[in-house]
Amino acid sequence: MKRRGRLRKVPLPYDDGFRGGIASFAPTFAIVGWLFTFWSDPSSADPFFAVALFCASWTVFSLVYILWTHRLFSRTPPAEAERIAAVQHRRGPSRLSRSLGFGDTASWTMSAATVSLLAAIMATVLGRDVGGLWFPLLVIVTAAASWATMVYAFALRYFRLHAAGERIDFEIEESPEFIDFVSMSVMISSVGAMSAGTPRTREGLSTVRTQTYLGFAFNALVVAMVVSLVSGLVATR
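For clarity, every value in this text was computed on a predicted model and none was experimentally measured. (Residues numbered from 1 in each chain as written. Predicted model: local features only at pLDDT ≥ 70, side-chain atom pairs only at ≥ 80, totals over all residues. Heavy atoms only, no water.)

Engineer: Looking at this structure, how should I read the packing of helix 5 (residues 78-91) against helix 8 (residues 134-163)?
Structural biologist: Two packed helices can be described by the angle between their axes and the distance between those axes. With their axes 7 Å apart at the nearest point, helix 5 and helix 8 run at an angle of 95 degrees to one another. In terms of orientation, helix 5 lies roughly perpendicular with respect to helix 8. Along its contact with helix 5, which presents Ala81, Glu82, Ala85, Ala86, Gln88 and His89, the element helix 8 presents Arg157, Phe159, Arg160, Leu161 and Ala163. Its residues assigned to classes, the contact of helix 5 with helix 8 comprises six nonpolar, two polar and three charged. (Axes fitted to C-alpha atoms, helices over the stretch in contact; angles between N-to-C directions. Helix = DSSP H or I, 4+ residues; strand = E, 2+ residues; numbered from the N terminus. Parallel < 35°, antiparallel > 145°, perpendicular 65-115°, else oblique. Contact = heavy atoms within 4.5 Å. Nonpolar A, V, L, I, M, F, W, Y, C, P; charged D, E, K, R; others polar.)

Structure, rendered in structure tokens:
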């Protein structure tokens, strides 16, 4: 019973679903407001504004979630942050995280990639006739926010694996902290390199493989398509 009580001692802000739910509050409110306007008077709804709102909402959500996550885990004393990460790995995603779609790292990445593709396609369809050059820029920022979301989703995964005993080694004298796993995730998402950290267990290596595949697909398909579509959109002006 004592061990079980200890496993429950994870402050609520460390729950991915809690942070994600708070981060999505304002964007969700804005989208619901637009949908209500559209339902009340469809003729007054502007498709261009809807696309811009879609991009801005996802970007705001991503930035709030990422900055909050980074600040929370990097400013927590390393020993306490590692204890919390180990508990989270052993318990698995909370019911709140699963209900809001924050329970699986691969799902996070697929959702982010889908948002980027939709933003680029909608911008291409509508952007030839309306909007200024800031519109393509908003699409690029949306894609960048999606890429960063993927990076932090896997950084948390690596950190929790390591804290729970699925050892990941770094070529440094000090014990690795959360920011080191962010660096590792950035390198894998960028070039598929494991130079920042090396997994020593099968589960850790499996996670690296998953990120390598998803990161390659994101860079080769999503980023390339966004840049191509936006370049064509800018060229037509």
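Structure shown, so let's carry the discussion forward.
Engineer: What am I meant to see in the packing of helix 8 against helix 9 (residues 178-191) here?
Structural biologist: Running from N to C, helix 8 and helix 9 point in directions that differ by 130 degrees, and their axes come no closer than 8 Å. One finds that helix 8 runs oblique with respect to helix 9. Considering only the axes of helix 8 and helix 9, their crossing is right-handed. Contacts between helix 8 and helix 9 involve Trp147, Met150, Val151, Tyr152, Phe154, Ala155, Leu156, Tyr158, Phe159 and His162 from the first element and Phe178, Phe181, Val182, Met184, Ser185, Val186, Ile188, Ser189 and Ser190 from the second. For the contact of helix 8 with helix 9, a count of residues per class yields 15 nonpolar, four polar and no charged. (Left-handed = near helix turned anticlockwise from the far one by under 90°.)

Engineer: What is the right way to look at the pattern of salt bridges in this model?
Structural biologist: For side chains of opposite charge, pairing can occur when their charged atoms come near one another. For the structure on display, the rule yields six salt bridges. With a shortest N-O distance of 2.5 Å, aspartate 169 and arginine 167 are connected by a salt bridge. What makes arginine 167 partly exposed here is its relative accessible area of 44%. Linked through salt bridges whose partners overlap, the residues forming this network are Asp16, Arg19 and Arg160. (Salt bridge = Lys/Arg side-chain N within 4 Å of Asp/Glu carboxyl O. Buried < 20%, exposed > 50% of the residue type's maximum accessible area, 1.4 Å probe, protein only.)

Engineer: Can you walk me through the packing of aromatic side chains in this structure?
Structural biologist: Note on aromatic pairs: each is described by the distance of the centres and the angle between the planes. Under the defined criterion, the tally for this structure stands at eleven aromatic pairs. For the ring pair tyrosine 14 and phenylalanine 73, a centre distance of 5.4 Å and an interplane angle of 90 degrees mean the geometry is edge-to-face. Linking tyrosine 14 in the loop between helix 1 (2-7) and helix 2 (16-23) with phenylalanine 73 in helix 4 (residues 47-75), this pair joins segments that are 59 residues apart in sequence. There is no split in this pair, since tyrosine 14 and phenylalanine 73 are both buried. Ring plane angle 70 degrees and centroid distance 6.0 Å describe the contact between phenylalanine 18 and tryptophan 68, whose orientation is recorded as edge-to-face. (Phe/Tyr/Trp six-rings, centres within 6.5 Å; stacked < 30°, edge-to-face > 60°.)

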